[in-house]
Amino acid sequence: MDVIVSDQRMPGMTGIELLRAARDINPHAMRILLTGYSDLTAIIGSVNEGEIFRFVNKPWSNEVLSSTIASAVSAARASLAISQLPEPAPVVPVPGVASSAPAILVLDDDAAVAPRVQAILGDSFRVFAARSMEDAVDCLEREQIGVVISDSRVQNQPVVSLIGLLKQHQPQLVTVILTERADAGAAIDLINQGQIYRLLTKPVQEVSCRIMVNSAQRHHQQLSRNPELHQRYSVEKTAAPPPGVSPPTALRLMDRVRSLRSWVTGR
């Protein structure tokens, strides 16, 4: 199967349970979930366990559903083709040349979060902090960032527009969302518009943070080495600027995101 489309509410097994099992059997198939109600547990499960390509709300538009499935079919076949290629040779370090630790960006207006993440990760990663969307773009212009850890809201504004814009123009960038708010609608938008990798609940716990960041970094490396896989994580196109930002500032921010250098690396 190239694509599996399931309703969430099914007898005996939920859609998320089905798609999680399907991922284990055929990881290349794309997974789409139909839902007519807000179920936060299911939505979080779809990110952290089922890796859903899209949520489609019922009743749906036939045109939108057809387009979504066509994109999913294309992505599934590209992914399968990549899986049949030989594994790339491992990168051999050059003697005497030090390689710096991978860099991650923490976007959160709580100044205590980034130091907490750095303390958890130790010397394995370099952690950069941003307390606003503009600060985040500043950092992305300067540093080779592969993973972004962001609160779902920064300065009381949702980050979904920025995350979606970054994913459109930097598809190898991997985002983990921090959340303490039970907002099912926001989670659906983050999946469909931002293709976020995982949801991490606050307060940040040591073991789950370390596992998730290491997994996100490996995912970033895979996307960097195989641009064909970007289709699997394509997002709904949106030209909307981040809400709560003045129009001139929003346009400037969007232009800066579009012009970001593409940090393609296998590290």
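What this report covers is the structure whose coordinates are included nearby.

Parameters at a glance
- Residues numbered from 1 in each chain as written.
- Predicted model: local features only at pLDDT ≥ 70, side-chain atom pairs only at ≥ 80, totals over all residues.
- Heavy atoms only, no water.
- Axes fitted to C-alpha atoms, helices over the stretch in contact; angles between N-to-C directions.
- Helix = DSSP H or I, 4+ residues; strand = E, 2+ residues; numbered from the N terminus.
- Parallel < 35°, antiparallel > 145°, perpendicular 65-115°, else oblique.
- Contact = heavy atoms within 4.5 Å.
- Nonpolar A, V, L, I, M, F, W, Y, C, P; charged D, E, K, R; others polar.
- Buried < 20%, exposed > 50% of the residue type's maximum accessible area, 1.4 Å probe, protein only.
- Pairing = 2+ DSSP bridges.
- Expected span 1.5 Å × (residues − 1).
- Salt bridge = Lys/Arg side-chain N within 4 Å of Asp/Glu carboxyl O.
- Phe/Tyr/Trp six-rings, centres within 6.5 Å; stacked < 30°, edge-to-face > 60°.
- Lys NZ or Arg CZ within 6 Å of the ring centre and 35° of its normal.
- Arc of directions from axis to C-beta.

## What to know about the packing of helix 4 (residues 113-121) against helix 8 (residues 206-225)
Closest axis-to-axis distance for the helix 4/helix 8 pair is 9 Å, and the angle between their directions is 80°. Here helix 8 runs roughly perpendicular to helix 4, going by the angle between their axes. Residues Arg116, Val117, Ile120 and Leu121 of helix 4 pack against Glu206, Cys209, Arg210 and Val213 of helix 8. Among the residues making up the contact of helix 4 with helix 8, the classes are represented as 5 nonpolar, no polar and 3 charged.

## What about the pairing of strand 6 (residues 145-151)?
Among the 7 residues that make up strand 6, 7 are buried, leaving the element largely enclosed by the rest of the structure. Note that strand 4 (residues 103-107) and strand 6 share 5 bridges and pair parallel. Among the inter-strand pairings, Leu105 is bridged to a residue of strand 6, identified as Val148. Two strands pair when backbone bridges link them, and strand 6 and strand 9 (residues 174-179) are joined in this way by 5 bridges, in the parallel orientation. Among the inter-strand pairings, Ser150 is bridged to a residue of strand 9, identified as Ile177.

## Description of the sheet that holds strand 2 (residues 30-35)
On the basis of which strands lie adjacent, the open sheet formed by 3 strands has the order 1-2-3 and parallel pairing. Sheet topology places strand 1 (3-7) and strand 3 (54-57) at the edges, where each strand pairs with a single neighbour. Recorded for the sheet is a direction-independent mean angle of 25° between the axes of neighbouring strands. Where strand 1 and strand 2 come together, 5 bridges link them in parallel fashion. Across the sheet, residue Val5 finds its bridge partner in strand 2, namely Ile32.

## A few points about helix 8
Given a rise of 1.5 Å per residue, 20 residues ought to cover 28 Å, and the 29 Å separating the end C-alpha atoms of helix 8 matches this to within 8%. Residues of helix 8 that are buried: Cys209, Met212, Val213, Ser215, Ala216, Gln217, His219, His220, Gln221, Leu223 and Ser224. Elements that come into contact with the buried residues of helix 8 comprise strand 4, helix 4, strand 6, helix 6 (160-169), strand 9 and strand 10 (198-201).

## Topic: the pattern of salt bridges
Applying the stated criterion across every chain yields a total of 6 salt bridges. Asp7 is the partner of Lys58 in a salt bridge, and the nearest nitrogen-oxygen pair spans 2.9 Å. Placement of Lys58 in the loop between strand 3 and helix 3 (62-83) and of Asp7 in strand 1 is noted, with a sequence separation of 51 residues between them. Ionic pairing is found between Arg210 and Glu206, a salt bridge with its closest N-O pair at 2.8 Å. On the criterion of helical spacing, the pair formed by Arg210 and Glu206 is a turn pair, its members being 4 residues apart in helix 8. With relative accessibility at 32%, the residue Arg210 sits in the partly exposed group.

## Describing the pairing of strand 9
Burial of strand 9 is extensive: 6 of the 6 residues sit out of reach of the surface. Here strand 9 runs beside strand 10; their pairing, made up of 4 bridges, is parallel. Bridge pairing in strand 10 places Val176 opposite Arg198.

## Considerations on the packing of aromatic side chains
All chains considered together, the criterion is met by 0 aromatic pairs. A cation over a ring is seen here: Arg54 above Phe53, with NZ or CZ 4.3 Å from the ring centre. Positioned over the ring face of Tyr197 is Arg198, at 4.1 Å from the centre of the ring.

## Focus on the sheet that holds strand 5 (residues 126-130)
Read across the sheet, 5 strands follow the order 5-4-6-9-10 without closing on themselves; strand pairing throughout is parallel. Where the open sheet ends on each side, the last strands, each with one partner, are strand 5 and strand 10. Pairs of neighbouring strands in the sheet enclose a mean axial angle of 25°, with direction left out of account. In this fold helix 4 packs onto strand 4, strand 5, strand 6 and strand 9, with an angle of close to 170° to the strand it touches most, strand 5.

## A short note on helix 1 (residues 15-25)
Listed as buried for helix 1 are Gly15, Ile16, Leu19 and Ala22. Down the axis of helix 1, the buried set is contained in an arc of 125°. They therefore lie on one face. Exposed residues lying more than 90 degrees from the buried face of helix 1 are Asp24 and Ile25.

All quantities given are derived from atomic positions and should not be read as evidence of function.
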